[in-house]
Amino acid sequence: MPIINIICGGNSFNSDDLKKYITNTGRDYIIQGQKACVRSKHPKPNSLDCWLRDNYAQNPDTKQAVNEVIEALIDSGEFEKGNFICPDSGRICKGIKIANRDMKIGK
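Along every chain, residues carry numbers that run from 1 in the direction the sequence is written. pLDDT decides what is reported in this predicted model: residues at 70 or higher carry local features, side-chain atom pairs at 80 or more are listed and counted, and totals for whole chains, interfaces and linings draw on all residues regardless. Only hydrogens and water are set aside; all other atoms, that is, all heavy atoms of the structure, feed into the side-chain values.

Trainee: Describe in detail the overall build of the protein, supporting the description with residues and values.
Mentor: Only DSSP runs of H or I covering at least 4 residues are called helices, and only runs of E covering at least 2 are called strands; the numbering of each starts at the N terminus. On a plain count of helices and strands, the protein comes out with three helices and five strands. Each helix (α) and strand (β) of the protein, taken in turn from the N terminus, gives the series β-β-α-β-α-α-β-β. In terms of C-alpha radius of gyration, the protein reaches 13 Å, essentially the compact-globule figure of 13 Å for 107 residues. Its C-alpha atoms give the protein principal-axis dimensions of roughly 45 × 30 × 20 Å. A simple rule labels every residue: compare its accessible area, found with a 1.4 Å probe on the protein chains alone, to the largest value its type can have, and call it buried under 20%, exposed over 50%, or partly exposed in between. The buried share of the protein, reckoned over its 107 residues, is 37%. Whether two residues touch is decided by their heavy atoms; if any such pair falls within 4.5 Å, the residues are in contact. Within the protein, residue pairs in contact and separated by at least 24 positions form 46% of the contacts whose partners lie at least 6 positions apart. The globule rule used here is 2.2 Å times the number of residues to the 0.38 power, and the radius of gyration it is set against is calculated over C-alpha atoms.

Trainee: How would you summarise the nonpolar core if you had to cite specific residues and measurements?
Mentor: Put simply, buried Ala, Val, Leu, Ile, Met, Phe, Trp, Tyr and Cys residues joined by side-chain atoms within 4.5 Å make one nonpolar core. By size, the foremost hydrophobic cluster in this structure holds 18 residues, and its most contacted members are F13, L18, L48, L52, L73 and I96. Secondary structure elements with two or more residues in this core: β1 (3-6), α1 (15-24), α2 (48-55), α3 (67-75) and β5 (92-98). Ignoring any residue separated from it by four or fewer positions in sequence, one finds L18 in contact with F13, I30, L48, W51, L73, F79 and I96. Residues Y29, I31, C86 and C93 belong to the second largest nonpolar core, which totals five residues.

Trainee: Tell me about α1, and please be specific about residues and values.
Mentor: Taken together, the buried positions of α1 are S15, L18 and I22. Take α1 and look down its axis: the buried residues cluster within an arc of 55°, on one side only. For α1, exposure combined with an orientation more than 90 degrees from the buried face picks out K20 and N24. Where α1 begins, the side chain of N14 points an oxygen toward the backbone nitrogen of D16, at a separation of 2.7 Å. Following α1 by one or two positions, G26 has its phi on the positive side, about 90°. By construction, the arc corresponds to the directions joining the helix axis to the C-beta atoms. For the purposes of these results, a polar contact is taken to be a pair of N or O atoms within 3.5 Å, where, inside protein, one atom must be able to donate a hydrogen and its partner to accept one; residues adjacent in sequence count only when each atom of the pair is a side-chain atom.

Trainee: An account of the packing of aromatic side chains is needed here, citing residue identities and associated values.
Mentor: Aromatic pairing here means that ring centres of Phe, Tyr or Trp (its six-membered ring) are within 6.5 Å. Orientation follows from the plane angle: under 30 degrees is stacked, over 60 is edge-to-face, and everything else is tilted. Taken as a whole, this structure holds five aromatic pairs when the rule is applied. Ring geometry for F13 and W51: centres 5.5 Å apart, planes at 85°, overall edge-to-face. Placement of F13 in strand β2 (residues 11-14) and of W51 in helix α2 is noted, with a sequence separation of 38 residues between them. When its relative accessible area of 7% is taken as the criterion, W51 is described as buried. Lysine NZ or arginine CZ positioned within 6 Å of the ring centre and within 35 degrees of the ring normal marks a charge as sitting over the ring. R27 extends its terminal NZ or CZ atom over the ring of Y29, reaching a point 5.8 Å from the ring centre.

Have a look at this one:
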């Protein structure tokens, strides 16, 4: 349960909360979705950027899912970087997925 600092938000969150949220969506991934816009006009409401804005940001009108946050999540060992289908746009976008720690090489 690594604690991840939000660079632009002046706050932090427990990575287990993010894993629980992702699992509840029925997916094993979330797109990054960083966008410089006000929260009410964000084009990717199912993104990490919006989840952070809605739950942890001191200013929800500032992008939160910056590359440093993604790297901290990857460095935690809890997540893997990749490209995934955006549930909002249908396009392939950068994101993270929950790491499968039970995977065995060659199996």
